[in-house]
2 protein chains.
Amino acid sequence: MKLEMICTGEEVLSGQIIDTNAAWVANTMMELGIEMQYRVTVGDRLDDLINVFQERSMHADVIIVNGGLGPTSDDMSALAMAKAKGEELVENVQWREHLQDWFARNNRVMPKSNLKQAWLPASAVMVDNPVGTACGFRVKLNNAWLFFTPGVPHELKHMIREQFIPFIRQEFGVQDISALEKFLTIGYGESSLADTLSSIALPAGIELGYRSSMPHIEIKIFARGEKAIRQLPDITKQVRALLGSAVVAENRPTLAAEIHHRLYQSGFSLSVAESCTGGMITSQLIDFPGSSSYLHHGLVTYSNESKVNVLGVNPQILDDHGAVSVQTVEAMAQGVRAILDSDFALATSGIAGPDGGSDDKPVGTVAIALATKEGVYSQMIKLPRRSRQLVRSLSAAVAYDMLRRELLGEEVIVDYPSIPRCGE
Amino acid sequence: MKLEMICTGEEVLSGQIIDTNAAWVANTMMELGIEMQYRVTVGDRLDDLINVFQERSMHADVIIVNGGLGPTSDDMSALAMAKAKGEELVENVQWREHLQDWFARNNRVMPKSNLKQAWLPASAVMVDNPVGTACGFRVKLNNAWLFFTPGVPHELKHMIREQFIPFIRQEFGVQDISALEKFLTIGYGESSLADTLSSIALPAGIELGYRSSMPHIEIKIFARGEKAIRQLPDITKQVRALLGSAVVAENRPTLAAEIHHRLYQSGFSLSVAESCTGGMITSQLIDFPGSSSYLHHGLVTYSNESKVNVLGVNPQILDDHGAVSVQTVEAMAQGVRAILDSDFALATSGIAGPDGGSDDKPVGTVAIALATKEGVYSQMIKLPRRSRQLVRSLSAAVAYDMLRRELLGEEVIVDYPSIPRCGE
């Protein structure tokens, strides 16, 4: 099945909106084992729309068209489709009544402009949209089914999941028998990961995919077909063994999500003292509803005075070892943990750059500590030639991973590929 | 001049990478007054590339091709262009020598694969890339100049600014006489902004554009031509007057950038105590190198115990008024300011949702305070029906704006459109 996508809308074409819909659709299809083959982005010009529908429908089997289903005059996907096929727009009575009901139920007067959303090309099959006022529809032209979807992201996602995928399953016999395992890694580049995993003999139906999601590379292991799915656990085990400590989470979108999940379930409390990571560790956890149940506080103690006055770091330690040292982060972690007697505390202090480095401690030097009720662990890592943003996000990832390993009862400090420690 | 773009690369097509290059290019061109007309995204299949070069070169005057200039076998933009034009690849000696020099200067052995990057279509004009190993090039085919650029974002941006824009200025006489003013607003939706500004009679050559960049809407005022540029200050003044307090920054990408710039210049120091904003105020400032010169600390005191123990909030205030109250945020701001006697302090406490609201203080209720050496200002705002993320980012924006107004000597607390205060 040859799948293509046509994205419409002046805002998307002109870069006023970054097209995350296109990436989401392609990614979602890939997880079903269907590759996106081609994508065209056009603005709100009727002729461009008509031409692209006619032209691409000669090549593809299915085309997802996104956007242009709204009530305003620059929403013209239905009109363009009707013209491309040489047919009229016809009112879909079912959808008009649905809209009238919807506005009545919400005690709102329906603007006249919304009536337009019920007019579809004569040969169109209406596609339900229970979460918005724009129905979808599909039309066969030349070789292809064109499947029209709304531009609002959550409406698009709902329609792809509930309507589009069942449609292609039925129409093209797309198989349901696929499975997917995801690993989140740190420290490896994409080509080193591929090299490391090249020794695995992949059976038919199993494929590896890589996705950069800094500071991580995500590895996806797809299995298609019943036999491949039976072999998936063995391949997953081999990948885990070859990558060792580079794997920091399995089947989670981010390492912060992994930590949130574990802390939320466990009832343990956490405090954080951040210097170079600047609140990143704290704010990534606070993104999750429910984080208030375990997070006592996250203190960004940027100045030395703040480390002393807020965290109770002994000024002598700062004088003797400097702000970026294992001694200082240990004192920071122990200090922030003690304020509310939290179960765990994380602390970071480093030189994120672009300035502030020295010969002894160049840009990218970061000290990280984990304090528990029993003791404290620390390490100082080197992240040369990384951007300020990447130094910070890699440091946060290493800190999270120290806590993750402690929560699992594993060794807290381990070697990550291409993240050397100072003095090594 | 009809401008199009062709984005290449399997990762972009399959959604493994969100295509921010495409948005950046279209946006940059729009600021020059040139609209992007059409965009195609193709993978790393030679036939697709050849076909799309041949087909789109019939329609466009200029096509920016992005990606596929690297050293590996799936980088095939040059080969596809040569085949599309029916010519050979020829080694560009100048670029080969440049690569050899570059590796020698960096004491590195040049991998053989890099030699490929010097092979260009026979009729190509080489385009310099001082920041990477992939040179660009341009080729005339049918009606169009195809201009090939590297996929690495900072290399692309450099080449567009330093090479592509001068080229189209010379080749197509694109005028340099344009000017742009940008306003960052809060509180208005895009359609209310357009309604509010519809009373302005725009002279020929002046256009308004809107861009959603939550929690802000950015307004751009373009002027094209000498006469329009002379009229720009007057239009800008009218926009400013009509929007009033909704404008929170001019010609800055974000409100955090505005605050960073003002604090960095002024020498004043800042401390932050955050509850519902969860570190957002602090971390947006720490994104800027140099923020350590004014930021004392940012304390995310999520629990009541932390507000008491770290900030010195009187427990009686929490008992009497609750954590989300003007009394509590005032005590938080005064407390965090006092620790290091900072010039200014900001504090937030609110209910970001989706749970945790009450009849009295529903989800979206947020208290915000600014403490100075002389006193304290506070307000409690209502942000119903917003996502957790938007409640947090709007609250951070209001807090920044209170500080911005104080730094300018303006009234600190003002009405924003569609952000009511509690008790109003």
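Residues numbered from 1 in each chain as written. Chains lettered and ligands numbered in written order. Predicted model: local features only at pLDDT ≥ 70, side-chain atom pairs only at ≥ 80, totals over all residues. Heavy atoms only, no water.

The name given to chain A in an unreviewed UniProt entry is CinA-like protein, with Shewanella aestuarii as the source organism.

Some remarks on the UniProt feature "domain: MoaB/Mog" (unreviewed entry) in chain A
As recorded in UniProt, the sites labelled "domain: MoaB/Mog" (unreviewed entry) are residues 4-171 of chain A. Taken end to end, residues 4-171 of chain A is 40% helix and 23% strand, and its first and last C-alpha atoms sit 16 Å apart. (UniProt positions renumbered as here; feature names shortened; annotations may be inferred. Helix = DSSP H or I, 4+ residues; strand = E, 2+ residues; numbered from the N terminus.)

Describing the nonpolar core
Counting residues in hydrophobic clusters, the biggest one holds 65 residues, and the most contacted among them are Phe53 and Phe137 of chain A together with Phe53 and Met81 of chain B. Once residues lying within four places of it in the same chain are set aside, the contact partners of Met81 of chain B are Phe53, Pro121, Phe137, Val139, Leu141, Leu146 and Phe148 of chain B. In this structure, Val272, Leu285, Ile286 and Ile419 of chain A belong to the second largest nonpolar core, which totals 41 residues. (Core = buried A, V, L, I, M, F, W, Y, C linked by side-chain atoms within 4.5 Å. Buried < 20%, exposed > 50% of the residue type's maximum accessible area, 1.4 Å probe, protein only. Contact = heavy atoms within 4.5 Å.)

Considerations on helix H14 (residues 388-407) of chain B
Residue and element names in this part refer to chain B. Taking 1.5 Å as the rise per residue, H14 with 20 residues should run 28 Å; its terminal C-alpha atoms sit 29 Å apart, in good agreement. Here H14 lies mainly inside the structure; 16 of its 20 residues are buried. Among the residues trailing H14, Gly409 stands out with phi positive, at a value near 75°. (Expected span 1.5 Å × (residues − 1).)

Quick notes on the domain arrangement of chain A
Residues and elements named next belong to chain A. With domains assigned, chain A is organised as domain 1 (3-172), domain 2 (178-250) and domain 3 (255-407). Put simply, the middle of domain 2 and the middle of domain 3, counted by C-alpha atoms, are 30 Å apart. Domain 2 puts 9 residues into the contact, and the matching count from domain 3 is 10 residues. Taking both sides of the interface into account, the surface hidden between domain 2 and domain 3 amounts to around 700 Å²; carbon and sulfur atoms contribute 68%. On the domain 2 side of the contact with domain 3, Ile186, Pro215 and Val248 bury the most area, a combined 55% of that side's loss. Counting the contacts that link domain 2 with domain 3 gives 0 salt bridges. (Domains from an automatic or database assignment. Buried area = accessible area lost by both parts, 1.4 Å probe. Salt bridge = Lys/Arg side-chain N within 4 Å of Asp/Glu carboxyl O.)

Here's the deal with the sheet that holds strand E16 (residues 365-372) of chain B
Strand order in the open sheet made by the 10 strands is E17(A)-E16(A)-E15(A)-E13(A)-E14(A)-E14(B)-E13(B)-E15(B)-E16(B)-E17(B), with mixed pairing throughout. Both edges of this open sheet fall to strand E17 (376-382) of chain A together with strand E17 (376-382) of chain B, since each of them pairs with a single strand only. Averaged over neighbouring strand pairs, the angle between their axes works out to 10° when direction is ignored. Bridge count for strand E13 (residues 270-274) of chain B against strand E15 (residues 344-350) of chain B is 5 bridges, and the pairing is parallel. Directly across from Val272 of chain B, in E15 of chain B, lies its bridge partner Leu346 of chain B. Against the sheet, H14 of chain B engages E13, E15, E16 and E17 of chain B, with an angle of about 25° to E16 of chain B. (Pairing = 2+ DSSP bridges. Axes fitted to C-alpha atoms, helices over the stretch in contact; angles between N-to-C directions.)

Let's talk about the pairing of E15 of chain B
All names here are of chain B. Here E15 lies mainly inside the structure; 7 of its 7 residues are buried. Where burial is concerned, the two faces of E15 agree: the one with Phe344, Leu346, Thr348 and Gly350 and the one with Ala345, Ala347 and Ser349 are both buried. For E15 and E16, the ladder comprises 7 bridges, and the chain directions are antiparallel. If you follow Gly350 over to E16, its bridge partner there is Val366.

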